[in-house]
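# Structural overview
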Amino acid sequence: ENMNSTMSEEPDALSVVNQLRDLAADPLNRRAIVQDQGCLPGLILFLDHPSPPVVHSALLALRYLAECRANREKMKSELGMMLSLQNVIQKTTTPGETKLLASEVYDILQSSNTSDTDNVNEMNYRRRKAQFFLGSTNKRAKTVVLHIDGLDDSSRRNLCEEALLKIKGVISFTFQMAVQRCVVRIRSDLKAEALATAIASTKVMKAQQVVKSESGEEMLVPFQDTPVEVEQNTDLPEYLPEDESPSKEQDKAVSRVGSHPEGAGSWLSTAANFLSRSFYW
């Protein structure tokens, strides 16, 4: 009986955490989400959720929130945050990508706000602790910076997210919409070309890699145009059905939420409300 109620919560939990992840992807919402009473505790509870996609999505949301320096101290001191991250990292059943993502969030928060004198001790302590927790996981990850032509609104960003999430070996990604970029952390055995292939499969965007030259200048390098090995279903519309037409109106609404974080507030309280209900089966 209890099992069933858990099962029926599942799609709800995933849709709530995905919604939070998408709100957190917009830099203008990040402070508001962390200030909200219910969202951070909710995301921490999601880290213990039995469903791996829910845990991964919650970590992506936390990864976005931690981008904002002003959030880090509060996140780090939030009850259960660091402990839950450690649990995800240490659990033998956690998928590799999720472990790497959790350790990335853990490291960002752990290193927040240490003064210079503490820094040396802190770094040594962290290094020992990290070795203990992570073994050598971080050696297995690398960062790829993509410049994505056509990444110019939130529906395109969602398409991109979906394409990247389908690739085994993608750990995390952060969008920088203003400059049409996506910073992707991937396992070191994954070829960056796979990312380009996935993004090309959206049919409306194309990726180039951003690399630094020896003099430190950034250059765009096109990926080799190898035949794309993604099965292509010609009947699919360019956008998913629920996006029927990503009309300008919708975009305005999205940017309004962004520019007035309190606009996200009513949604956040609904989420917080759901969170408080769903964790006491």
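Right, let's walk through the structure included here. Since the structure is predicted, the reported quantities are computational estimates derived from the model, not experimental observations.

What counts and how
Residues numbered from 1 in each chain as written. Predicted model: local features only at pLDDT ≥ 70, side-chain atom pairs only at ≥ 80, totals over all residues. Heavy atoms only, no water. Axes fitted to C-alpha atoms, helices over the stretch in contact; angles between N-to-C directions. Helix = DSSP H or I, 4+ residues; strand = E, 2+ residues; numbered from the N terminus. Parallel < 35°, antiparallel > 145°, perpendicular 65-115°, else oblique. Contact = heavy atoms within 4.5 Å. Nonpolar A, V, L, I, M, F, W, Y, C, P; charged D, E, K, R; others polar. Buried < 20%, exposed > 50% of the residue type's maximum accessible area, 1.4 Å probe, protein only. Pairing = 2+ DSSP bridges. Core = buried A, V, L, I, M, F, W, Y, C linked by side-chain atoms within 4.5 Å. Domains from an automatic or database assignment.

### A look at the packing of helix α5 (residues 69-77) against helix α7 (residues 96-110)
Pairs of packed helices are described in terms of their axes, by the angle between the two and the distance that separates them. Contact geometry of α5 with α7 gives a least axis separation of 9 Å together with a crossing angle of 105°. What the angle tells us is that α5 and α7 run roughly perpendicular. In this structure, α5 contributes Arg72, Met75 and Lys76 to the contact, and α7 contributes Ile108, Leu109 and Gln110. Per-class residue counts for the contact of α5 with α7 are 3 nonpolar, 1 polar and 2 charged.

### A word on the environment of Leu28
With respect to the helices and strands, the residue Leu28 is situated in the loop between α1 (2-24) and α2 (30-35). According to the relative accessible area criterion, Leu28 is exposed, its value standing at 51%. Considering only alpha carbons, one finds Leu28 and Cys68, 40 residues apart in sequence, at a separation of 9.8 Å.

### A word on the pairing of strand β3 (residues 181-187)
Taking burial as the measure, the 7 residues of β3 include 6 buried ones, the bulk of the element. Note that strand β1 (residues 141-149) and β3 share 7 bridges and pair antiparallel. When the sheet's bridge partners are listed, Val144 is paired in β3 with Val184. Both strand β2 (residues 170-176) and β3 contribute to a ladder of 6 bridges, which runs antiparallel.

### Structural notes on the nonpolar core
Counting residues in each nonpolar core, the largest one holds 65 residues, and the members touching the most others are Leu85 and Leu195. Two domains share this core, each providing at least three of its residues, namely domain 1 (13-111) and domain 2 (141-222).

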